[in-house]
Amino acid sequence: MPQLDWQNWISLWLFAPLFVATAWTDFTQLRIPNLYCLIGLGLCLVAAPFLDWNTLLIRLLIGAACFVVCLGLFALNWLGGGDAKMLPVVFLAMPPSAVPLYMIVFSAAMALGLIGMSLFRRYAKRLSPKFESTAQSREFPMGVAIGASGLVMITLSVF
């Protein structure tokens, strides 16, 4: 992890409650509300004055590239609409130097999430029928991976 400069990380630190809410809502309801994406954009706008222009431009380019990829995956029905909107917002908050590490952490969170959801659906389905994610056998609540990987990145940013 590069030397900590708080200006690059402040927007991600502000995202901590949003990561928790995204994971919980997607786990329980299999949806990420548009309000979460708007709150995330607002947090990025709040943190934008602390960034220099080059960093801000790189973040916008990374977010736009992520949006294009997510839009394509959504068109192929491989990604949900909330996930396709939330991931680019998360990439706007991520420092550009941390994007490669975030992609590795996010991939690991998806893999662990798939294993965890398959075990949860198998053994805890009777205990928690109110959760929408346990009733669906094909859909994966990617908001859990988004939230978990974001919280891991926040934790790694202070070390």
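Q: Residues and numbers for the overall build of the protein chain, please.
A: Within the protein chain, the secondary structure is distributed over 8 helices and 0 strands. Seen in sequence order, the protein chain has helices and strands lined up from the N terminus as α-α-α-α-α-α-α-α. Taken across its 159 residues, the protein chain has 44% of its residues classed as buried. Across the protein chain, every contact between residues at least 6 apart in sequence was considered, and the portion connecting residues at least 24 apart equals 74%. Working note: accessible area of the protein chain is about 9,000 Å², and carbon and sulfur atoms make up 71% of it.

Q: Got a sec to walk through the side chain of threonine 25? Specific residues and values, please.
A: Along the chain, threonine 25 falls in helix H2 (residues 16-29). For threonine 25, a relative accessible area of 6% puts it in the buried group. Not counting residues up to four positions away in its chain, the partners in contact with threonine 25 are Leu30, Arg31, Pro33 and Tyr36.

Q: Any chance you could break down the nonpolar core for me, citing the residues and the numbers?
A: Grouped together as the largest cluster of nonpolar side chains are 37 residues, with contacts concentrated most on Phe15, Leu87, Tyr102 and Ile146. Among the elements of the structure, helix H1 (6-14), H2, helix H3 (34-47), helix H4 (53-75), helix H5 (81-93), helix H6 (99-123) and helix H8 (142-157) are those that each provide at least two residues to this core. No other element matches the 8 residues that H5 contributes to this core. Setting aside residues no more than four positions away along its own chain, isoleucine 146 makes contact with Phe19, Asp83, Met86, Leu87, Val90, Tyr102 and Phe106.

Q: Tell me about H5, and please be specific about residues and values.
A: Here H5 contains 13 residues, and its C-alpha end-to-end distance of 19 Å stays within 8% of the 18 Å for a straight helix at 1.5 Å per residue. Among all positions of H5, only Gly82, Asp83, Ala84, Met86, Leu87, Pro88, Val89, Val90, Phe91, Leu92 and Ala93 are buried. On its buried face, H5 is in contact with H1, H2, H3, H4, H6 and H8.

Q: Run through the confidence of the model for the protein chain, naming residues and quoting values.
A: Taken over all residues, the pLDDT of the protein chain has a mean of 89, while the share at 70 or more is 89%. Within the protein chain, the element-level pLDDT minimum falls on helix H7 (residues 132-135), averaging 66, and the maximum on H4, averaging 96.

Basis of the calculations
- Residues numbered from 1 in each chain as written.
- Predicted model: local features only at pLDDT ≥ 70, side-chain atom pairs only at ≥ 80, totals over all residues.
- Heavy atoms only, no water.
- Helix = DSSP H or I, 4+ residues; strand = E, 2+ residues; numbered from the N terminus.
- Buried < 20%, exposed > 50% of the residue type's maximum accessible area, 1.4 Å probe, protein only.
- Contact = heavy atoms within 4.5 Å.
- Areas by Shrake-Rupley, 256 points an atom, 1.4 Å probe, with all protein chains shown as cover.
- Core = buried A, V, L, I, M, F, W, Y, C linked by side-chain atoms within 4.5 Å.
- Expected span 1.5 Å × (residues − 1).
- pLDDT = per-residue confidence, 0-100.

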